[in-house]
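# Structural overview
Each chain is listed here by its residues.
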Amino acid sequence: MASSESDQASTAMFLSCTALVMLMLPGLAFFYSGLAQSKSALSLLFVAMLVSALALIQWTAVGYSLVFSEGNPFIGGFHYGMFLNVDTQHPTIATLPNIVFGTFQATFAIITPAIFIGSAAGRFRILPLMLYSVIWMVLVYDVIAHWVWGPGGFLRALGAIDYAGGMPVHIVCGFSGLALTMYLGKRVDFDETTKESNFSVSNVVIGTLMLFTGWVGFNGSSVGSASPLSMLAVMNTLVAGSVGAVTWLILDLVIRRHLSCLGFCTGLIGGLVAITPGCGSLTPGFTIPLTIFTTLPVYVFSTYKRSIGLDDALDVFAVHGVGGFVGTILTGIFATGGPIDAHLGRLAGTTKLGLVDGNGMLLLYQLAGAFATAAWATAISFGLAFIFDKLKFPVRVDRETEKLGLDQGELGEFVFDYVQTAVKNAGLQF
C-alpha cells in the first residue's frame, strides 16, 4: 500500500474512533447520574460536561505537548504547545498525521477527569472543582500519560505495556478518587448498613450501552493502525465486557441470591477496564481468565466498601482503581507475542511478552507501573485537596447545601420538576 493510502486508512479509522470515544462522555454522564441520589443527579450531568470542556482547553494549550513531545523521563516539553507543530507525520506512527493522533488522544484526556469526580458525588463545590480539575490534569494525567506513552517516558522505556489507558486513565482515576473520597470524608447522610437509592437504573443501563460502544473506539485505535491487530483489540474488548458482566451476575446469584441489572452493568464496565491495558497483546482466550480474575476483587471492594466506611459514591475506586490495577498486573501474565508476530510477519514465538510466553520480566514492569501510578495519583490528588482547603477555597460543600442537594444548592435547577417539589417538602430525605 502506498504511503498516502496508508495515511488515509489510518486517518479514517482514527476519525471514526474519535467519534466513538466521544460517545463515552454522554454515556458516563448517564451512568453517573443514574447511580446518584436524585437531589444531585443533574449536577453530575453538568459537571461531566464542564470538566471535559476544561480538560480539552488544557489539552490544546499544554497537555498534548507535555505528554507527547520530547522532554525527559518524567514530563514532555512544549514543542506542541497550543497545538503548534502538529502539521507533520506522527514521530512514532509513520502512517498517521500528528494532528489526527493529537485529536484522538484529546478524547482520552477529556473523559479522564469526568470519571474520577464521581467519587465525590454529592459533596463537591463546582467552582473549586473546576480549578482543581485543571491543575489535576497537568500534575497527574499529563505526567503519568507521558510516563506510559510519551517519548522517553520512564515506564515506556522500562517496557511496561499499556495500550489504551489502564494506568493513565483507570488507575489514575480510581486512586485519585480514593484520595479525594478520603480527604472529603463521608456524606452527611451516609449509612454503612443501608444501600442508598439510585436516581435511575434505566439511565445506568443507557450509559452502560453507550460506554460499551465507545470503548470499541477507545481500545480499537490504541494499537496505532488500521490493521488486524486493531480488530483483535476490539474483539478482546467485546469479550472482556461480556465476561465481566456475566461473572458479576454469577457472583450476585451465589452471594446475594438474586439477579441485578445494576450489578450486570457494573461488571460489564469492570471487564472493559480490565482489558484496557492489554487489549492489543492478548488473545481472546486469555482475555477470559484475565477478566474473571480482575472482576473478583472489583466485586469484593464494590460490595463491602460501605462496611469499612468508604463512601466512594459511584464505585470509582472499586471499578477503575482496583480493576485498572489488577488488569494492568495480569497483563504481565497473559500478554502474548503471537498477535504481534502475526501482525509484523515474524516467525511465531519471536516476541515473548508475558508469563504465558515464559517471560517473567513483563510482570515486574507491570507491577512497577501500577504501583508508581497509584502512588503518584493518590499523593497529588490528596495534596491538592489539602492545599485548596488551606487557601480557603475548599472543594467540599457546606453541610446544609449537601443536605439540600447539589442540584438545588449549587445550580438551582433539577432533572425533573417532581424533584424540585420533593426538595421543597420540608424534612423529606431521599
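The following refers to the structure shown.

## Quick notes on the overall build of the protein
- Helix and strand counts for the protein come out as 17 helices and zero strands.
- Against the compact-globule benchmark of 22 Å for 430 residues, the protein has a radius of gyration of 21 Å, which places it among compact chains.
- Its C-alpha atoms put the protein at 70 × 50 × 35 Å along the principal axes.
- Going through the 430 residues of the protein one by one, you find that 59% of them count as buried.
- Side-chain charges in the protein split into 19 positive and 24 negative, and the spacing between the mean points of these groups amounts to 9 Å.

## Examining the packing of helix α3 (residues 41-68) against helix α4 (residues 98-116)
- The contact between α3 and α4 brings their axes to 8 Å, and the two run at 135°. Relative to α4, the element α3 lies oblique. Handedness of the crossing formed by α3 with α4: right-handed. For the pair α3 and α4, contact is made by Ala-48, Val-51, Ser-52, Ala-55, Leu-56, Trp-59, Tyr-64 and Phe-68 and by Asn-98, Phe-101, Gly-102, Gln-105, Ala-106, Ala-109, Ile-110, Pro-113 and Ala-114, respectively.
- Here the contact of α3 with α4 is built from residues that sort into 13 nonpolar, four polar and no charged.

## What to know about helix α7 (residues 166-184)
- Between its first and last C-alpha, α7 extends 25 Å over 19 residues, near the 27 Å set by a 1.5 Å rise per residue.
- Of all the bends in α7, the greatest measures close to 30° and is centred on Val-172.
- Taking burial as the measure, the 19 residues of α7 include 17 buried ones, the bulk of the element.

## Considerations on the environment of Gly-220
- Counting through the fold element by element, Gly-220 comes out in helix α8 (residues 201-220).
- Distance from Gly-220 to Pro-128, taken between C-alpha atoms, is 35 Å for residues 92 residues apart in sequence.
- Other than its neighbours up to four places away in sequence, Gly-220 contacts Trp-215, Ser-230, Ala-233 and Val-234.

## Regarding the side chain of Ser-133
- In this structure, Ser-133 sits in helix α5 (residues 126-149).
- Accessibility expressed as a relative area gives 2% for Ser-133, which makes it buried.
- Not counting the four nearest positions on each side in its chain, Ser-133 is found in contact with Val-51 and Leu-54.

Conventions adopted
- Residues numbered from 1 in each chain as written.
- Predicted model: local features only at pLDDT ≥ 70, side-chain atom pairs only at ≥ 80, totals over all residues.
- Heavy atoms only, no water.
- Helix = DSSP H or I, 4+ residues; strand = E, 2+ residues; numbered from the N terminus.
- Rg over C-alpha atoms; globule rule 2.2 N^0.38 Å.
- Buried < 20%, exposed > 50% of the residue type's maximum accessible area, 1.4 Å probe, protein only.
- Lys, Arg positive; Asp, Glu negative; His and termini not counted.
- Charge placed at Lys NZ, Arg CZ, Asp CG, Glu CD.
- Axes fitted to C-alpha atoms, helices over the stretch in contact; angles between N-to-C directions.
- Parallel < 35°, antiparallel > 145°, perpendicular 65-115°, else oblique.
- Left-handed = near helix turned anticlockwise from the far one by under 90°.
- Contact = heavy atoms within 4.5 Å.
- Nonpolar A, V, L, I, M, F, W, Y, C, P; charged D, E, K, R; others polar.
- Expected span 1.5 Å × (residues − 1).
- Bend = angle between axes of the 7 residues up to and from the residue.

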